[in-house]
Amino acid sequence: ALAVTWAAWGGGGGGGGGGGGGPDAVDKYAGIWVPNCYDTDESGANPAAVYGIDTITLNKTNATTLGITWSTTYFGALATCAGAGKPDPSPVNGTLAHDGVTAIGSIVADKFNVVQTIVDRNNVATGTASYRMILGLNNGSLQMGYSHVGTVPTAFDVNYSLTKQ
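The rules behind these values
- Residues numbered from 1 in each chain as written.
- Predicted model: local features only at pLDDT ≥ 70, side-chain atom pairs only at ≥ 80, totals over all residues.
- Heavy atoms only, no water.
- Salt bridge = Lys/Arg side-chain N within 4 Å of Asp/Glu carboxyl O.
- Helix = DSSP H or I, 4+ residues; strand = E, 2+ residues; numbered from the N terminus.
- Buried < 20%, exposed > 50% of the residue type's maximum accessible area, 1.4 Å probe, protein only.
- Pairing = 2+ DSSP bridges.
- Disulfide = S-S within 2.5 Å.

Engineer: Describe the pattern of salt bridges, listing the residues and the values that go with them.
Structural biologist: A full pass over the atoms with the stated rule returns 4 salt bridges. Between Lys 28 and Asp 110 there is a salt bridge whose closest N-O contact spans 3.3 Å. Linking Lys 28 in the segment before β1 (31–34) with Asp 110 in strand β7 (residues 107–119), this pair joins segments that are 82 residues apart in sequence. According to the relative accessible area criterion, Lys 28 is partly exposed, its value standing at 39%.

Engineer: Lay out the pairing of strand β8 (residues 125–138) with the relevant residues and their values.
Structural biologist: Relative to β8, β7 runs antiparallel, the two sharing 10 bridges. Residue Asn 113 lies in a different strand from β8, and its bridge partner there is Arg 132. Linking two consecutive strands that pair antiparallel, namely β7 and β8, is a turn of 5 residues; a positive phi of about 65° is found at Asn 123 within it. As paired strands, β8 and strand β9 (residues 141–147) are joined by 7 bridges and run antiparallel to one another. Looking at the pairing, Ile 134 lines up with Gly 145 of β9.

Engineer: Can you tell me about the state of the cysteines, naming the residues and giving the values?
Structural biologist: With the rule as written, the count across this model stands at 1 disulfide. Covalent S-S linkage joins Cys 37 and Cys 81, the inter-sulfur distance amounting to 1.9 Å. In this structure the cystine formed by Cys 37 and Cys 81 twists about its S-S bond by roughly 65°; its chirality is therefore right-handed. Remark: Cys 81 occurs in the loop between β4 (65–74) and β5 (86–87) and Cys 37 occurs in the loop between β1 and β2 (38–39); sequence separation between them is 44 residues.

Any link to function would need more than the numbers given here.
As structure tokens, this is what we get:
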């Protein structure tokens, strides 16, 4: 499943005292985002598809950082993800720290350094993981990509086009 990573971002922004300043780079991402139903077995190792829907909540913690909670509800082989699913007992929590911008096709994506809290099946923290992530908006849909090898991703994950709730 993709329940592996998220990061914080931020940027720009204005101070007080009548000096202009626009929104911070992370403002556009704050909120609750939900993708379409998808096959959670990205590796293809499981011959029986397990479909799910992620709920990704991004909270602005400061001008350049987002907190993330990423939870998945699984629906077994039901490709419509309808009805009552089974929630993952260990949601992903972490932070995304803004680290500039990059062009991904025609989209200007924000780059983030991510620190994720690793938890066991009892939701007990056992450590942290770090990686890189990009986020961008395309016609109001959130696009994302990530890399566990420390490099900035060069493409968005084709499985993810999230809608803000």
